[in-house]
Amino acid sequence: MAKDMTLLWGSGSPPCWRVQVVLEEKNLQGYNSKQLGQVSSFSHGNLIINESIGICEYLADRFKDQGTKLVPDDYSEKAMMFQRMHEGNSLMMKAGDVIYYNFKVPEAERHESALQRNKEALTVEVKLWEDYLTKSKGQYLVGKDFTLADAVIYPAIAYLFPKGLCEKKYPKLAEYYKNLKTRPSIQKTWPPTWFSPPGLVHVKDFV
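Anyway, here's the lowdown on the structure attached to this text.

Quick notes on the rules
What you see as residue numbers is a count from 1 along each chain, following the sequence as written. Residue-level local features of this predicted model are given only where pLDDT is at least 70; pairs of side-chain atoms are given and counted only at 80 or more, and the full residue set underlies all totals for whole chains, interfaces and linings. Remark: hydrogens and water are excluded; side-chain values derive from all non-hydrogen atoms of the structure. Pairing between strands requires that DSSP locate at least two bridges from one strand to the other. A run of DSSP states H or I qualifies as a helix once it reaches four residues; a run of E qualifies as a strand once it reaches two. Both are numbered from the N-terminal end. What counts as an axis is a line fitted to C-alpha atoms, over the stretch in contact for a helix, and the angles between N-to-C directions run from 0 to 180 degrees. Any two residues whose heavy atoms approach within 4.5 Å at even a single point are treated as in contact. Here roughly perpendicular refers to angles of 65 to 115 degrees, roughly parallel to angles under 35, roughly antiparallel to angles over 145, and oblique to all remaining angles. Helix crossings fall into two classes, left-handed where the near helix is turned counterclockwise from the far one by less than a right angle and right-handed where it is turned clockwise. Here the term charged refers only to Asp, Glu, Lys and Arg, the term nonpolar to Ala, Val, Leu, Ile, Met, Phe, Trp, Tyr, Cys and Pro, and the term polar to all other amino acids, Gly among them. A pair of aromatic rings is counted whenever rings of Phe, Tyr or Trp (Trp by its six-membered ring) have centres within 6.5 Å, and the orientation is called stacked for planes under 30 degrees apart, edge-to-face for over 60 and tilted otherwise. Buried, partly exposed and exposed residues are distinguished by accessible area as a fraction of the type maximum, computed with a 1.4 Å probe on protein chains only: under 20%, between the cut-offs, and over 50%, respectively. Polar contact criterion, stated in full: a pair of N or O atoms within 3.5 Å, where within protein one must be able to donate a hydrogen and the other to accept it, and residues adjacent in sequence count only if both atoms are side-chain atoms. By convention in these notes, a salt bridge is any Lys or Arg side-chain nitrogen within 4 Å of a carboxyl oxygen on Asp or Glu.

**Points about the sheet that holds strand β3 (residues 41-44)**
Strands belonging to one sheet form pairs held by backbone hydrogen bonds; the direction of such a pair is parallel or antiparallel. One open sheet holds the 4 strands; their spatial order is β2-β1-β3-β4, and the pairing between them is mixed. Taken across any chain shown, the strands that pair with only one partner, and hence form the sheet edges, are β2 (32-35) and β4 (47-49). Neighbour-to-neighbour, the strand axes of this sheet turn through a mean angle of 15°, independent of strand direction. The sheet strands contacting helix α1 (residues 14-25) are β1 (5-9) and β3, and the helix crosses β1 at an angle near 150°. Strands β1, β3 and β4 of the sheet are contacted by helix α2 (residues 52-62), whose axis makes an angle of about 30° with β3.

**Notes on the packing of helix α6 (residues 148-160) against helix α7 (residues 171-181)**
Orientation of α6 relative to α7, taken along the N-to-C sense of each, is 115°, at an axis distance of 10 Å. As far as their axial angle goes, α7 and α6 are roughly perpendicular. For the pair α6 and α7, the crossing hand works out as left-handed. The segment α6 lies against α7, with Asp150, Tyr154, Ile157 and Ala158 engaging Leu173, Tyr176, Tyr177, Leu180 and Lys181. Here the residues of the contact of α6 with α7 are counted per class, giving 7 nonpolar, no polar and 2 charged.

**Some words on the packing of aromatic side chains**
Evaluation of the coordinates by the stated rule reveals 9 aromatic pairs. When the centroid spacing of 6.5 Å and the interplanar angle of 50° are considered together, the rings of phenylalanine 42 and tyrosine 58 count as tilted. Of the two residues, phenylalanine 42 sits in strand β3 while tyrosine 58 sits in helix α2, which places them 16 residues apart along the sequence. Assessed through its relative accessible area of 1%, phenylalanine 42 is described here as buried. For the ring pair tyrosine 154 and tyrosine 177, a centre distance of 6.3 Å and an interplane angle of 15° mean the geometry is stacked. A residue pair is termed long-range when its members are at least 10 positions apart, and tyrosine 154 in helix α6 and tyrosine 177 in helix α7 qualify at 23 residues.

**Re the environment of threonine 6**
Secondary-structure assignment places threonine 6 in strand β1. The spacing of threonine 6 and phenylalanine 103 is 97 residues in sequence and 30 Å in space, taken between C-alpha atoms. Setting aside anything within four residues of it in sequence, one finds threonine 6 in contact with Asn32, Ser41, Phe42 and Ser43. At 3.4 Å, the side chain of threonine 6 and the side chain of asparagine 32 are in polar contact.

**Let's talk about the pairing of β3**
Neither face of β3 is open: one carries Ser41 and Ser43, the other Phe42 and His44, and all of them are buried. Pairing between β1 and β3: 4 bridges, direction antiparallel. Residue pairing for β3: methionine 5 is matched across the bridge by histidine 44. Pairing between β3 and β4: 3 bridges, direction antiparallel. Counted as the bridge partner of histidine 44 is leucine 47 from β4. Connecting β3 to the next strand, β4, in antiparallel fashion are 2 residues, including glycine 45 with a positive phi near 65°.

**Details of the pattern of salt bridges**
Inspection of every chain in the model, using the stated rule, returns 10 salt bridges. Among the ionic pairs, lysine 69 bridges to aspartate 73, the shortest N-O distance being 3.3 Å. What makes aspartate 73 exposed here is its relative accessible area of 57%. Taking the shortest distance from any N to any O, the salt bridge between lysine 104 and aspartate 97 comes out at 2.9 Å.

Structure representation (structure tokens):
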């Protein structure tokens, strides 16, 4: 069935990685894979989806009875799962505002005060996710089972640690990062490289 699927992806891109994790969790190996840079686009037969969370939601629903369940039956847990999934966009955006500041803003327009505001916003965001995991009733974002929320959010969290996120300051995030790193779907799809060109702002400088 996976032979009529194609994923266009970019190594090291959290949005692309989340789709790869869901494909593995649903035992959909053998799909066509093309590495084309920082993009995630997916086709299944004549269907085309160009948004990573949308791809993950489609796969979880289309193959709900195959592989890992991913979506809880309990409606309160399901609601929390969807909330965490979509909140993840804020984490990625704020991380990008800091890490890629020197690439996104021309040198003549850079201001230390602007970068500092971005750093403070990311610090608040990271603390929020540390708190979510502290309050979770299990080792995952929504309790005791791995869900779509984990598949979607883990790549964003995992992206921060190679950029210097302090494990001692965020022990729950560090524990989550290390525990899920051993999960087969994540091990198999781990980005071949974490591309870190000169000019990136490392989060260890503030977070």
